[in-house]
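Coordinate analysis (summary)
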Amino acid sequence: MKLTHIKLKKLEIPFRVSFKHASAERTTTETVIALAQSESGMVGYGEGCPRSYVTGESIESCMDFISTHHQSIVKIDDIDSLRAFVSANQSIIDKNPVAWCAIETAILDSFAKLQEQSIEAMLGVPEIQGDFHYTAVLGVSNTKVFAAQLAQYIRIGFNDFKVKISGDKAVDASNIAAIRTARSEAKIRLDANNLWNDAEEAISCLGALDPHFWAVEEPIKARDYIGLKILAERLGCKIIFDESFLRIEDFERLSGDPSIWIPNIRISKMGGLLRSFAISEECRKRGITFIIGAQVGETSILTRTAISLANAYRDNLIAQEGAYGTHLLEHDITDSPIMFGKRGVVNLGANHINGLGLNWTL
């Protein structure tokens with residue numbers, strides 16, 4: 001399964017509505033698409049979403065990565081040599097996880113297509129089956145936009161909500177109250193995107209909100225693990241890591257009750273599916289639950305890739321984000337976008353597929 005060429009290209013797709021949180025506001029995708037071509041002409045596709053405030057990467061740095069490492073990457077010729085490459089180049093991937101995620105996914109898609117099997121069969125993990133339940137994510141918006149988005153989620157039948165908070169106590173309290181009014185039994189978690197400087201400041205603001213949120217994501221400066229532990233103990237809630245959890249070595253930074261820590265495993269920021277599987281397996285061993293997150297604006301490539309992980313680790317998966325497809329994007333890059341339907345559910349069926357099983361419109 002010889003590779004002849006791998007390239008990255010920038011992808012820009014407009015959003016149907018803008019999406020805002022404490023760290024950024026987006027109106028289009030910020031994405032790189034990888035194409036891995038084999039000697040037989042088979043092309044596999046991958047995706048990565050660089051975020052400078054998460055991994056320090058950009059579109060330009062991803063392009064530089066493939067330019068620098070193309071010669072060694074195209075020597076990968078089977079799943080074993082792919083695993084060996086990942087193992088031997090951990091430090092390089094640590095600095096370029098998004099770029100590698102796109103490339104690795106494209107290689108997996110190409111190799112599995114050549115073998116006429118799914119990426120799951122090729123990796124030796126369970127074939128995809130059953131329902132996948134997604135979270136409704138509400139950004140920082142004005143009252144009118146927030147109400148309209150909430151009403152749409154309620155019509156679909158969501159019961160699991162992630163709310164981006166602004167730090168304005170009145171606005172945040174009003175938004176959470178609106179969810180409670182619309183869906184009294186709603187399960188609510190918050191995402192602060194590193195809004196506050198320290199634990200005391202965060203505790204003061206969060207303590208004034210609805211006391212029934214069950215977790216908060218990245219409330220203070222990234223990687224302040226002592227402050228996060230104090231916050232969890234004082235507020236009696238769980239802490240979700242995003243920017244504070246980027247690689248498997250970060251497990252060693254966690255102390256105390258493992259039930260309070262919840263990594264947000266976004267395939268793109270973790271450096272691809274193989275590394276995400278390793279982190280999920282470590283969660284299983286440590287008795288830690290996790291969330292499979294999504295980058296705002298990701299296409300069906302990353303959604304499909306993340307489903308492989310969700311399917312293999314259902315017992316440790318506490319929530320799943322993404323699957324927006326053309327709910328958010330003006331168009332997707334496949335003729336069959338993977339997107340949630342009623343009750344926030346995705347079901348891919350149990351049919352045999354090759355690679356990622358998507359027909360691309362690139």
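Please refer to the structure higher up on the page.
Residues numbered from 1 in each chain as written. Predicted model: local features only at pLDDT ≥ 70, side-chain atom pairs only at ≥ 80, totals over all residues. Heavy atoms only, no water.

We note that asparagine 193 has phi near 50°; this positive angle belongs to a residue other than glycine. Within the secondary structure layout, asparagine 193 lies in the loop between β9 (187–191) and α8 (199–206). Residue asparagine 193 is classed as buried on the basis of its relative accessible area of 6%. One non-glycine residue, asparagine 194, lies in the positive phi region at around 60°. Within the secondary structure layout, asparagine 194 lies in the loop between β9 and α8. (Helix = DSSP H or I, 4+ residues; strand = E, 2+ residues; numbered from the N terminus. Buried < 20%, exposed > 50% of the residue type's maximum accessible area, 1.4 Å probe, protein only.)

This structure, assessed with the given rule, holds 10 aromatic pairs. Note on tyrosine 153 and phenylalanine 158: the rings are 5.2 Å apart at their centroids and 85° apart in plane angle, and the pair reads as edge-to-face. Owing to a relative accessible area of 0%, phenylalanine 158 belongs among the buried residues under this scheme. A centroid spacing of 5.1 Å and a plane angle of 80° characterise the contact between tyrosine 324 and phenylalanine 340, whose relative ring orientation is edge-to-face. With a gap of 16 residues between them, tyrosine 324 in the loop between β14 (317–320) and β15 (345–346) and phenylalanine 340 in the loop between β14 and β15 connect regions that are remote in the sequence. (Phe/Tyr/Trp six-rings, centres within 6.5 Å; stacked < 30°, edge-to-face > 60°.)

Attention now moves to the pairing of β14. Pairing between strand β13 (residues 290–292) and β14: three bridges, direction parallel. Looking across to β14, one finds that isoleucine 292 is bridged to glutamine 320. In this fold, the crossover linking β13 to β14 by way of helix α12 (residues 300–312) has right-handed handedness. (Pairing = 2+ DSSP bridges. Right-handed = clockwise from strand over helix to strand, strands pointing away.)

Moving on: the nonpolar core. Judged by nonpolar contacts, the single largest core of 112 residues is most densely connected at Ile73, Trp100, Ile107, Phe161, Leu190 and Leu206. If you tally residues by element for this core, the top one is helix α4 (residues 97–114), at 11 residues. For leucine 206, the contacting residues outside a window of four places in its chain are Ile165, Leu190, Trp196, Phe213, Val216, Pro219, Leu231 and Leu235. Core analysis: the second largest hydrophobic core is formed by six residues, Trp214, Ala215, Ile240 and Ile291 among them. (Core = buried A, V, L, I, M, F, W, Y, C linked by side-chain atoms within 4.5 Å. Contact = heavy atoms within 4.5 Å.)

Further remarks concern the environment of glycine 293. Locating glycine 293 in the fold gives a position in the loop between β13 and α12. Considering only alpha carbons, one finds glycine 293 and glutamate 12, 281 residues apart in sequence, at a separation of 21 Å. Other than its neighbours up to four places away in sequence, glycine 293 contacts Asn264, Ile265, Arg266 and Glu321.

The subject of this paragraph is the sheet that holds strand β4 (residues 31–38). Spatial ordering of the open sheet is given by β1-β4-β5, a layout of three strands whose pairing is antiparallel. Each edge of the open sheet is held by one strand with a lone partner, namely β1 (3–11) and β5 (43–48). Across the sheet, the axes of successive neighbouring strands diverge by a mean angle of 20°, strand direction being ignored. In this sheet, β5 lies alongside β4 in antiparallel orientation, the contact comprising six bridges. By the bridge assignment for β5, leucine 35 is matched with tyrosine 45. Each of β1 and β4 is contacted by helix α1 (residues 59–73), which is oriented at about 180° to β1, the strand it contacts most. (Axes fitted to C-alpha atoms, helices over the stretch in contact; angles between N-to-C directions.)

Within the element layout of this structure, glutamate 120 appears in helix α5 (residues 119–123). With a relative accessible area of 1%, glutamate 120 lands in the buried category.

On to the pattern of salt bridges. Oppositely charged side chains can pair when the atoms bearing their charge come close. Taken as a whole and judged by the stated rule, the model has 21 salt bridges. Note that aspartate 94 is salt-bridged to arginine 275, the shortest N-O span being 2.8 Å. Residue aspartate 94 is located in helix α3 (residues 90–95), and its partner arginine 275 is located in helix α11 (residues 273–286); the two are separated by 181 residues in the primary sequence. Across the pair lysine 164 and aspartate 191 runs a salt bridge, and its minimum N-O distance is 2.7 Å. Here lysine 164 is found in strand β8 (residues 160–164), whereas its partner aspartate 191 is found in strand β9, with 27 residues between them in sequence. For the pair lysine 164 and aspartate 191, one class covers both residues: buried. (Salt bridge = Lys/Arg side-chain N within 4 Å of Asp/Glu carboxyl O.)

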